[in-house]
Amino acid sequence: MPFKTVLAVVGGKDTVADLQQAISLCAGSEAHLSVLALQVALSPTLSDYPVDTDWLDRRHHHQHDFKAAAEAHDAACAGSGISYDFASFYDEPVFLTEELTRRAFYADLITVGPRVMTNASLIGIVVNGGLFDAMSPVLLLPEGDQASLRPKRIMLGWNNKIEAIRAVRESMDMLMAAEAVDVAVVDPTSPYADHDGEPGAELATFLARHGVNVTVDQIPSGGRPVEDVLNQRALEVSADMLVLGAYGHARWRQRIFGGVTSSMMKGVRLPTLLVR
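This write-up is about the structure you can find in this document. (Residues numbered from 1 in each chain as written. Predicted model: local features only at pLDDT ≥ 70, side-chain atom pairs only at ≥ 80, totals over all residues. Heavy atoms only, no water.)

Attention now moves to the sheet that holds strand β3 (residues 84-91). Strands belonging to one sheet form pairs held by backbone hydrogen bonds; the direction of such a pair is parallel or antiparallel. Reading across the sheet, the 10 strands line up as β3-β2-β1-β4-β5-β10-β9-β6-β7-β8 and stay open at both edges, with mixed pairing between neighbours. Strands with a single pairing partner mark the edges of an open sheet, and in this sheet they are β3 and β8 (214-219). Strand-to-strand twist across the sheet, computed as the mean angle between neighbouring axes with direction ignored, equals 20 degrees. When strand β4 (residues 109-112) meets strand β5 (residues 138-140), the two strands line up parallel, connected through three bridges. Bridge pairing in β5 links Ile110 to Val138. On the sheet, helix α1 (residues 16-29) packs against β1 (5-10), β2 (32-40), β4 and β5 and is oriented at approximately 165 degrees with respect to β2. The strands that helix α6 (residues 162-170) touches are β6 (153-157), β9 (241-245) and β10 (272-275); relative to β9, the one it contacts most, it runs at about 135 degrees. (Pairing = 2+ DSSP bridges. Helix = DSSP H or I, 4+ residues; strand = E, 2+ residues; numbered from the N terminus. Axes fitted to C-alpha atoms, helices over the stretch in contact; angles between N-to-C directions. Contact = heavy atoms within 4.5 Å.)

Structure follows, in structure tokens:
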């Protein structure tokens, strides 16, 4: 589907560069930018109990610094000339997650820059509220990258799972507009043994009917992590964007064991669209 409303999640003053990436993304595609600035409220530690004026002062300064950063973010958007709206919240994680989920319902895409990705609290809110609760596509933006919602070459990670086909459907407009789409199947096994089906062949046929210029690469991992194989192949084919289905396991298992999605977030090398 076309991305007409982009929800950019930012934090304090350290996420100015993340916001600029989102502004550039929307300016290049004439999309509306909805900015959500979030800050997890400073909580007392065991040494702060009973709560005293010193802790209250620290929390006040923490909230004041975030408010100043949020105002700077708002001013940056106002000076960009794009269509935008802005909101900021200083609260506990559970309430920030609920707010992000509600706003994600009315956005086509969530963007996350490199500084938010390294903030454990914020990325947890995006994963729980955005990917799991709202089931919104999330675009990870690497350091210094000027991403586009009209990439010329896309690499699509494929594993014949529901998350992967949802990723295809959510990104279909981009796939159709791209000059080339490379489907990467890592350690392929045929799910159609009775019919001698080739892994990725049915997807390629489906995409070709939509006019997508598609090729399929079956790639052995050789024991390497899947995320490393995908990143390397994307660089080899000069992909502008990587599209993946996200979190194939249940949420509690993913939290305990991690997985390809969590690993990808820790080492994003090119714009990566995650869909659950």
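Don't stop here, the text continues.
Our focus in this paragraph is helix α2 (residues 53-78). For α2, built from 26 residues, the straight-helix expectation of 38 Å at 1.5 Å per residue is met to within 8% by its first-to-last C-alpha distance of 37 Å. Listed in full, the buried residues belonging to α2 are Trp55, Phe66, Ala69, Ala70, His73 and Cys77. Where α2 is buried, its residues touch β1, α1, β2 and β3. (Expected span 1.5 Å × (residues − 1). Buried < 20%, exposed > 50% of the residue type's maximum accessible area, 1.4 Å probe, protein only.)

This part covers unusual backbone geometry. Of note, Glu30 is a non-glycine position whose phi angle comes to about 55 degrees, a positive value. Positionally, Glu30 belongs in the loop between α1 and β2. Judged by relative accessible area, Glu30 falls into the exposed class, the value being 71%.

Turning our attention to the pattern of salt bridges. All chains considered together, the criterion is met by eight salt bridges. Close ionic contact of Arg102 with Glu99 constitutes a salt bridge, the shortest N to O distance being 2.7 Å. Taken together, the residues span about one helical turn, with Arg102 and Glu99 both in helix α3 (residues 93-104) at a distance of three residues. Note on Glu99: relative accessible area 15%, which makes it buried. For Arg233, the salt bridge goes to Glu236, with nearest N and O atoms at 3.1 Å. Note that Arg233 and Glu236 are positioned in helix α9 (residues 226-236) at a spacing of three residues, about one turn of the helix. Residue classification places Arg233 among the partly exposed positions, given a relative accessible area of 23%. Given a relative accessible area of 46%, Glu236 falls into the partly exposed group. (Salt bridge = Lys/Arg side-chain N within 4 Å of Asp/Glu carboxyl O.)

Here Asp18 shows up in helix α1. Assessed through its relative accessible area of 3%, Asp18 is described here as buried. Asp18 has contacts with Gly113, Pro114, Arg115 and Val116, leaving out every residue within four places of it along the chain.

Our focus in this paragraph is the environment of Trp55. Looking at the secondary structure, you find Trp55 in helix α2. What makes Trp55 buried here is its relative accessible area of 7%. Once the C-alpha coordinates of Trp55 and Pro44 are considered, the two residues, 11 residues apart in sequence, prove to be 7.0 Å apart.

Okay, the packing of α3 against helix α5 (residues 120-133) next. Contact pair α3 / α5: the axes reach a minimum separation of 9 Å and the direction vectors enclose 40 degrees. Crossing geometry of α3 relative to α5 is assigned as right-handed. Contacts between α3 and α5 involve Pro93, Leu96, Thr97, Leu100 and Thr101 on the former and, on the latter, Ile125, Val126, Asn128, Gly129, Gly130 and Asp133. Residues belonging to the contact of α3 with α5 are distributed by class as follows: five nonpolar, five polar and one charged. (Left-handed = near helix turned anticlockwise from the far one by under 90°. Nonpolar A, V, L, I, M, F, W, Y, C, P; charged D, E, K, R; others polar.)

It is worth spelling out the nonpolar core at this point. For soluble globular proteins, nonpolar side chains are generally found buried alongside one another. Leu33, Val168 and Leu207 are the most contacted members of the largest nonpolar core, which totals 46 residues. It is α1 that provides the largest number of residues to this core, a total of five residues. Counting 41 residues, the second-largest nonpolar core is a separate cluster that includes Ala134, Met155, Val229 and Val237. (Core = buried A, V, L, I, M, F, W, Y, C linked by side-chain atoms within 4.5 Å.)

As a further point, take the packing of α1 against α2. Two elements in contact, α1 and α2, have axes separated by 11 Å at closest approach and are oriented at 25 degrees. Judged by the angle between their axes, α1 and α2 are roughly parallel. Once α1 is placed against α2, the crossing between them reads as right-handed. Residues Val16, Leu19, Gln20 and Ile23 of α1 touch α2, and the partners they reach there are His73, Ala76 and Cys77. Broken down by class, the residue content of the contact of α1 with α2 amounts to five nonpolar, two polar and no charged. (Parallel < 35°, antiparallel > 145°, perpendicular 65-115°, else oblique.)

What is shown is where atoms sit, not what they do.
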